[in-house]
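A look at the structure
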Amino acid sequence: MSELVLRAEKLDAADELAPLRSRFVLDDVVYLDGNSLGALPANVPGRVEDVVRRQWGELRIRSWDESGWWTAPERIGDRIAPLVGAAPGQIVVGDSTSVNVFKALVAAVRMAGEERDEILVDATTFPTDGYIAESAARLTGRRLRALDPAEVPSALGDRTAAVLLNHVDYRGGRLHDLPALTAAIHAAGALAVWDLCHSAGALPVGLDEHGVDLAVGCTYKYLNGGPGSPAYLYVRRDLQGRFDSPLPGWNSHAEPFGMSPSYAPAPGALRGRVGTPDILSMLALEAALDVWDDVSVSSVRAKSLALTDFFLECVTAYTEPGRVVCVTPEPHGERGSQIALRCPDAGEVMKRLIARGVVGDFRHPDILRFGFTPLYVSFADAERAARVLGEVLG
Ligand SMILES: Cc1ncc(COP(=O)(O)O)c(C=O)c1O
Ligand SMILES: Nc1ccccc1C(=O)C[C@H](N)C(=O)O
């Protein structure tokens, strides 16, 4: 047996998170795509069955109160809060990430004031954020400037209204310096809006600690909420009174059932709600979050770094030098929970990997992406993935 296989065995035996794998429905596929769609937590089907058959089927309309449907967005927001370093009362769950980017960015620009006429956006962003930022800029009459996050500090000025950044880059897996960039944005008098899609549930975020203004994220990746599970919006407590939603639906009204023709915003994070929540997806997410009850994000982060370090070591051992190039930064402080390898025939290579039971994904034009969800990925998985990659490339 190779030295790396033995090392993987030892690392798995010493891994205190290893038992968590049994909380998920998995097979013998090496699943390294939890940064796109997290695996199914084993308790979710039973909960969804109960929500459909009993809460909907039997209680029907009574469930809005009796099953806690109406308050689910803020209740589940409070379950996500500790995972992203937020005190309760600042997160609501609902809508897609794209919609929440829109709410957050327009609200940030409105808070920044008339004289600030520029929005900065991460040029390397997952495309939806860029598209929405462009529309938000047009609607609010601001100029949009797309730049690399590293260029943000020097681009900030007294015209900057808001900056929309990704905590971890979806393609290369670079972790951006949220504390330093937020501080720089604040020093310029602007607001920081962070997209946490690729960091929440994988590493500590520290929203409150670092004074982030607004944040959004999805729940179907490292939070394992399921396909299309609703996203969330964080509004820092002391900004909530000034949060002027561009989508002030009736669910964000101070008195939704007053059915008043005039709008009055609800207090607190509830202002981030829009319309009727998608209860089935939302309650599947709530069940999925049970997985985290006794798990700390710092232990998840420690395992994530150990897994990605070990995977890189195995890739180096099993592949011809230069056949793939790692584009994810080596320093731990700059790495999310995925490894991106560049190779010219990445699309074909990923197809062959999937056929051999190693599931990652391909990102245009030449990136092999491997996501490591520490709750259910083992060191043996990392070794096998690298070994099969070496064979497929061979
Ligand atoms: C950084 C980032 N933002 C946004 C999204 C998508 O947003 P939505 O939930 O609207 O599909 C993704 C991936 O789907 C993403 O990786
Ligand atoms: N929501 C999806 C639906 C279908 C297929 C992929 C996604 C993703 O989430 C892609 C992911 N955001 C990415 O970083 O590539």
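The chain carries the name Kynureninase in an unreviewed UniProt entry, which gives Streptomyces griseochromogenes as its organism. The record in UniProt for the chain states the following under Sequence similarities (unreviewed entry): "Belongs to the kynureninase family."

Topic: the packing of aromatic side chains
This structure, assessed with the given rule, holds eleven aromatic pairs. Through a chain of ring-to-ring contacts, the aromatic side chains of W64, W69, W70, W250 and F257 assemble into a single cluster.

Notes on unusual backbone geometry
Cis geometry is adopted by the peptide bond preceding P365, which originates at H364 and carries an omega value of -5 degrees. Here P365 lies in the loop between β14 (361-363) and β15 (367-371). With phi around 50 degrees, R60 is a residue other than glycine that occupies positive phi space. For R60, the position within the fold is in the loop between α2 (44-59) and α3 (63-66). The exposure class assigned to R60 is exposed, which follows from its relative accessible area of 53%. Residues other than glycine seldom take positive phi values, yet D95 does so here, at roughly 65 degrees. Locating D95 in the fold gives a position in the loop between β4 (91-93) and α5 (97-112). Looking at D95, the relative accessible area reads 30%, which means it is partly exposed.

Considering the site of ligand 2
Within the structure, ligand 2 sits among S36, F126, Y170, H198, Y220, K221, R363 and R369. Residue R363 places a side-chain N or O atom 2.8 Å away from an oxygen atom belonging to ligand 2. The separation between an oxygen atom of ligand 2 and a polar side-chain atom of R369 is 2.8 Å. Contact with the protein chains hides 61% of the accessible area of ligand 2, taken as 370 Å² for the molecule alone. For the shell around ligand 2, the class distribution of residues is three nonpolar, two polar and three charged.

Quick word on the domain arrangement of the chain
Per the domain assignment, the segments of the chain are domain 1 (3-31 + 296-393) and domain 2 (47-292). Taken over C-alpha atoms, the centre of domain 1 sits 29 Å from the centre of domain 2. Facing 25 residues of domain 1, the contacting portion of domain 2 comprises 18 residues. At the boundary of domain 1 with domain 2, total buried surface from both sides reaches about 1800 Å², with 60% on carbon and sulfur atoms. Counting the contacts that link domain 1 with domain 2 gives one salt bridge. Between E334 and R174 there is a salt bridge, and its shortest N-O distance comes to 3.1 Å. At the boundary of domain 1 with domain 2, the tally comes to ten residue pairs in polar contact (both at pLDDT 80 or more). Put simply, the parts of the chain that give the side of domain 1 that touches domain 2 at least two residues each are α10 (297-318), β12 (338-342) and β15. With four residues, α10 is the single largest residue contributor to the side of domain 1 that touches domain 2. Within the side of domain 1 that touches domain 2, the residues separate by chemical class into ten nonpolar, nine polar and six charged.

Rules used in this analysis
- Residues numbered from 1 in each chain as written.
- Chains lettered and ligands numbered in written order.
- Predicted model: local features only at pLDDT ≥ 70, side-chain atom pairs only at ≥ 80, totals over all residues.
- Heavy atoms only, no water.
- UniProt positions renumbered as here; feature names shortened; annotations may be inferred.
- Phe/Tyr/Trp six-rings, centres within 6.5 Å; stacked < 30°, edge-to-face > 60°.
- Helix = DSSP H or I, 4+ residues; strand = E, 2+ residues; numbered from the N terminus.
- Buried < 20%, exposed > 50% of the residue type's maximum accessible area, 1.4 Å probe, protein only.
- Near = heavy atom within 4 Å.
- Polar contact = N/O pair within 3.5 Å; in protein donor to acceptor, adjacent residues only side chain to side chain.
- Areas by Shrake-Rupley, 256 points an atom, 1.4 Å probe, with all protein chains shown as cover.
- Nonpolar A, V, L, I, M, F, W, Y, C, P; charged D, E, K, R; others polar.
- Domains from an automatic or database assignment.
- Contact = heavy atoms within 4.5 Å.
- Buried area = accessible area lost by both parts, 1.4 Å probe.
- Salt bridge = Lys/Arg side-chain N within 4 Å of Asp/Glu carboxyl O.

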